[in-house]
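Survey of secondary and tertiary structure
If you want the building blocks of each chain, they are given just below.
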Amino acid sequence: MADVIVVGGGNAAFAAALAAAEAGASVVMLERAPLDEAGGNTRFTAGAMRFAYDGVDHLRRLMPDLTDAEVARSDFGAYTEAQFFEDMGRVTEYRTDPDLCELLVTRSRETLFWMRDKGVRFAPIWGRQAFLVDGKFKFWGGLTVEAVGGGPGLVAAWTDIAAKAGVELRYGARAISLIADDSGVQGVRFKQDGRTQDLPAKAVVLAAGGFQTNVEWRTRYLGPGWDVAKVRGTRFNTGEGLRMALEIGAMPAGQWSGCHAVGWERNAPEFGDLAVGDGFQKHSYPFGVMLNANGERFVDEGADFRNYTYAKYGRVILAQPGQFAWQVFDAKVKHLLRDEYRIRQVTKVQAETLEELVKKLDDVNPERALATLRAYNAAVRTDIPFDPNVKDGRRTEGLAVPKSNWANTLSEPPFEAYAVTCGITFTFGGLKITRDAQVLDIDQTPIGGLYAAGEMVGGIFYNNYPGGTGLMAGAVFGRIAGAAAAGA
């Protein structure tokens with residue numbers, strides 16, 4: 001018997017478990033993965049978390065190790081609640097659930113402070129969210145902070161904190177169904193070490209992720225072609241938590257046909273590789289161009305900061321012939337490419353001329369590719385200064401597919417190209433919840449003793465999302481769900 005059972009083992013699950021334990025509840029976490037693969041999608045992330053802050057004082061409260069010298073050479077700016085609301089509205093085409101969005105934004109800062117007080121450590125994202133210009137790092141895109149050690153570091157920190165708080169973690173424990181009757185949920189049936197067991201509880205928090213590794217569900221809900229997408233993260237997010245809830249009458253919510261999907265190494269394995277982590281992603285495309293199999297550009301690579309486009313461009317790549325693209329760069333921007341371009345597991349070609357390069361692009365029409373690159377070069381407004389830290393307006397003119405910012409000519413050898421496909425991170429469809437994270441049934445009545453957090457919450461994201469909001473939403477709603485479950 002436990003007061004609260006948390007189904008899942010990632011960031012949202014840990015936030016729920018710690019909040020419940022803090023409220024005095026006895027807590028058991030059921031993690032489907034074995035210990036060496038535990039941590040859900042969280043373990044595959046870079047650990048970035050988007051939150052509202054008014055200036056460097058908030059950052060120093062979160063990161064007390066920041067030195068005066070580090071502050072002096074960094075332009076952290078501010079990211080206000082108003083800016084956060086605007087970004088959430090804009091990138092979701094104003095479909096985000098107003099109540100859930102309000103909770104995400106207004107509780108983001110206090111939730112990070114709570115995590116810090118629990119023992120999670122944070123650091124500025126100097127390496128990926130700021131470029132050194134005139135001796136100063138300028139942060140961009142509203143994203144400033146990551147967990148120390150990235151996703152693996154966050155999982156390790158949460159695991160240590162949970163153990164000290166008396167939370168019981170059971171690994172290799174796959175939840176099968178909810179134990180429920182007309183009065184609500186009273187526990188979980190799960191399978192561990194080949195044995196099916198029932199664990200009673202006063203309340204259950206579902207934080208078991210989306211359905212992105214379930215090929216059949218991907219094809220059913222996301223549509224044709226999604227069966228061949230790569231999965232960025234854990235192989236264990238097959239939608240079992242969602243199935244369990246739907247079987248007892250939970251209300252589906254959000255965009256079941258939508259997902260977070262990015263440009264991903266074309267020859268990556270079917271599921272995420274913990275040894276590589278998020279290194280298969282390829283997110284420096286704003287500084288180059290992307291070509292499909294027809295040798296054509298198909299998207300505005302500079303439409304916005306990477307944080308606001310990367311989660312939707314995976315879907316665009318999947319829609320191309322052969323479900324792949326090549327990202328092309330020249331030597332002028334090589335120093336701006338993220339570290340993921342320098343790992344060993346990349347599909348990369350290099351040449352001294354564009355004529356040579358296009359012949360090396362596997363499965364691409366070389367004549368059309370060369371014509372596309374030449375037309376692009378001729379269209380670049382080189383009279384506009386290039387600045388990677390702002391939307392610089394350095395654009396193309398006269399092209400059917402424009403490039404709105406950071407348009408540099410491909411003119412300085414050596415030229416490099418990287419092959420990418422679609423990597424799905426998590427699905428947007430989930431369960432309908434109240435402001436207390438309690439799951440509603442199909443009559444929109446709260447289900448007694450059942451709560452949800454993380455990727456299982458529907459209605460927050462549609463079509464796209466601002467980078468860093470996934471982990472932030474997991475922590476915010478995990479904390480809400482755990483506290484509410486403890487009081488159930």
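The notes below deal with the structure included here. Numbering of residues starts from 1 in every chain and runs along the sequence as written. Predicted model: local features are reported for residues with pLDDT of at least 70 only, side-chain atom pairs are reported and counted for 80 or more only, and whole-chain, interface and lining totals are derived from all residues. Derived side-chain values reflect all non-hydrogen atoms in the structure, with water molecules and hydrogen atoms excluded from consideration.

Secondary structure elements are taken from DSSP: a helix is a run of H or I of four residues or more, a strand is a run of E of two residues or more, and numbering for both begins at the N terminus. A count of helices and strands for the protein chain gives 14 helices and 22 strands. In terms of overall dimensions, the protein chain is globule-like: its C-alpha atoms have a radius of gyration of 23 Å, near the 23 Å expected for 488 residues. Its C-alpha atoms put the protein chain at 70 × 50 × 40 Å along the principal axes. Summary of the burial criterion: residues with accessible area below 20% of their type's maximum are buried, those above 50% are exposed, and those between are partly exposed, where the area comes from a 1.4 Å probe applied to protein chains only. Taken over 488 residues, the protein chain has a buried fraction of 59%. Long-range pairs, those at least 24 residues apart, make up 73% of the contacts in the protein chain between residues at least 6 apart in sequence. The charge count includes Lys and Arg as positive and Asp and Glu as negative, but it does not include His or the ends of the chains. Just so you know, the charge point we use is NZ for Lys, CZ for Arg, CG for Asp and CD for Glu. Distance between charge centroids for the protein chain: 2 Å, based on 53 positive and 59 negative side chains. Radius of gyration here is computed from C-alpha atoms only, and the compact-globule reference equals 2.2 Å multiplied by the residue count raised to the power 0.38. Here a residue-residue contact requires only that any non-hydrogen atoms of the pair lie within 4.5 Å.

Moving on: the nonpolar core. Residues belong to one nonpolar core when they are buried, are Ala, Val, Leu, Ile, Met, Phe, Trp, Tyr or Cys, and are joined through side-chain atoms within 4.5 Å. One finds Met115, Phe122, Trp158, Leu206 and Phe477 to be the most contacted residues of the largest nonpolar core, which totals 138 residues. For this core, the element with the most residues is helix α1 (residues 11-22), which contributes 10 residues. If near-sequence neighbours (up to four positions away) are discounted, Phe122 is found in contact with Met49, Leu62, Met63, Leu112, Met115, Arg116, Val145, Glu146, Ala147 and Val148. One finds Leu291, Val328, Val364 and Val380 within the second-largest nonpolar core, a separate group that totals 23 residues.

Here a cavity denotes a set of grid points, spaced 1 Å apart and computed over the protein atoms alone, in which a 1.4 Å probe fits but from which it cannot get out, and a pocket denotes an open set meeting protein on both sides within 12 Å along at least five of seven lines; residues with an atom within 4 Å of a point are reported as lining. Grid points are joined across faces, edges and corners, and a volume is the space filled by probe spheres set on the points. By volume, the largest pocket amounts to about 500 Å³. In this structure, the largest pocket is lined by 28 residues; those nearest its centre are Gly127, Arg128, Leu336, Arg338 and Asp339. Broken down by secondary-structure element, the contributors of at least two residues to the lining of the largest pocket are α7 (126-129) and β6 (130-133). A total of four residues in the lining of the largest pocket trace back to one element, the largest contributor, which is β6. Gly counts as polar in this scheme, as do all residues outside two lists: the nonpolar Ala, Val, Leu, Ile, Met, Phe, Trp, Tyr, Cys and Pro, and the charged Asp, Glu, Lys and Arg. Split into classes, the residues belonging to the lining of the largest pocket amount to 15 nonpolar, six polar and seven charged. Counted as a void, the second largest pocket has a volume near 300 Å³. Counting only elements with at least two residues in the lining of the second largest pocket, the list comes to α4 (81-91) and β7 (136-139). Here the lining of the second largest pocket is composed, by residue class, of 10 nonpolar, six polar and three charged.

Two side chains with opposite charge may pair up if their charged atoms get near one another. By definition here, a salt bridge exists when the distance from a side-chain nitrogen of Lys or Arg to a carboxyl oxygen of Asp or Glu is within 4 Å. Across all of its chains, the model carries 34 salt bridges by this definition. Note that Asp68 is salt-bridged to Arg60, the shortest N-O span being 2.9 Å. Put simply, Glu416 and Lys348 hold a salt bridge, and the shortest N to O gap is 3.5 Å. Of the two residues, Glu416 sits in strand β19 (residues 415-427) while Lys348 sits in strand β18 (residues 348-351), which places them 68 residues apart along the sequence. Look at Lys348 and you get partly exposed, because its relative accessible area is 37%.

Right, let's talk about the environment of Thr42 for a bit. With respect to the helices and strands, Thr42 occurs in the loop between β2 (27-31) and β3 (48-49). Along the chain, Thr42 and Ala162 lie 120 residues apart, while their C-alpha atoms are 16 Å from each other. Apart from residues no more than four positions distant in its own chain, Thr42 is found in contact with Gly10, Asn11, Gly151, Pro152, Leu154, Val155 and Leu471.

Through backbone hydrogen bonds, the strands of a sheet pair up, either in parallel or in antiparallel fashion. Here three strands make up an open sheet; going across it, the order is β4-β7-β6 and the pairing mixed. Of all strands in the sheet, those bounded by a partner on one side alone are β4 (74-75) and β6. Bridge count for β6 against β7 is four bridges, and the pairing is antiparallel. Note on β7: the bridge partner recorded for Val133 is Lys136. At least two DSSP bridges between two strands are needed for those strands to be called paired.

Moving on, we get to unusual backbone geometry. A cis amide bond links Pro413 with the next residue in sequence, Pro414, at an omega value of 0 degrees. One can find Pro414 in the loop between α13 (366-379) and β19. With a phi angle near 60 degrees, Gln323 is a residue other than glycine that sits in the positive phi range. By secondary structure assignment, the location of Gln323 is in the loop between α11 (310-318) and β17 (325-329). What makes Gln323 partly exposed here is its relative accessible area of 29%.

Here the focus is the packing of aromatic side chains. For Phe, Tyr and Trp, rings pair up if their centres lie within 6.5 Å, where Trp contributes its six-membered ring, and each pair is then called stacked (planes under 30 degrees apart), edge-to-face (over 60) or tilted (otherwise). For the structure on display, the rule yields 28 aromatic pairs. Note on Phe426 and Phe428: the rings are 5.5 Å apart at their centroids and 65 degrees apart in plane angle, and the pair reads as edge-to-face. Grouping residues by exposure puts Phe426 and Phe428 together as buried. Measuring from ring centre to ring centre gives 5.1 Å for Phe461 and Tyr465, while their planes differ by 85 degrees; the resulting arrangement is edge-to-face. The two residues Phe461 and Tyr465 agree in class, both being buried. Ring pairing ties together the aromatic residues Phe131, Trp140, Phe287, Phe305, Phe386 and Trp406, which thus form one cluster. Only lysine NZ and arginine CZ atoms are considered, and such an atom sits over a ring when it is within 6 Å of the ring centre and within 35 degrees of the ring normal. Sitting over the ring of Phe113, Arg61 keeps its end group 4.4 Å from the ring centre.

Turning our eyes to something else, we now look at the packing of helix α5 (residues 98-106) against helix α14 (residues 469-486). Working convention: axes come from line fits to C-alpha atoms, limited for helices to the stretch in contact. Angles between N-to-C directions cover 0 to 180 degrees. The N-to-C vectors of α5 and α14 enclose an angle of 100 degrees; their axes lie 9 Å apart at closest approach. Overall, the two elements α5 and α14 adopt an arrangement that is roughly perpendicular. Along the contact surface, α5 presents Leu100, Leu103 and Leu104, while α14 presents Met472, Ala473, Val476, Phe477 and Ile480. Residue composition of the contact of α5 with α14, grouped by class: eight nonpolar, no polar and no charged. Put simply, angles under 35 degrees are roughly parallel, angles over 145 are roughly antiparallel, angles from 65 to 115 are roughly perpendicular, and the rest are oblique.

Our next topic: the sheet that holds strand β8 (residues 145-147). Spatial ordering of the open sheet is given by β3-β8-β5, a layout of three strands whose pairing is antiparallel. Looking at strand neighbours, the two that pair on one side only are β3 and β5 (122-124), the edges of this open sheet. Here β5 runs beside β8; their pairing, made up of three bridges, is antiparallel. Looking at the pairing, Pro124 lines up with Val145 of β8.

One turn of an α-helix holds 3.6 residues; hence residues three or four places apart share an orientation. Within α5, burial applies to Leu100, Cys101, Leu103, Leu104 and Val105. Residues of α5 that are buried in the fold lie against α4, α6 (108-118) and α14.

What follows deals with the pairing of β19. Burial analysis of β19 places 13 of its 13 residues in the buried class, the great majority of the element. Sheet analysis places strand β13 (residues 230-231) next to β19, joined by two bridges and oriented parallel. Bridged to Val231 within β19 is Ile424. As paired strands, strand β15 (residues 259-265) and β19 are joined by seven bridges and run antiparallel to one another. Its bridge partner being in β19, His260 is matched across the sheet by Phe426.

Coordinates in, geometry out; function isn't part of it.
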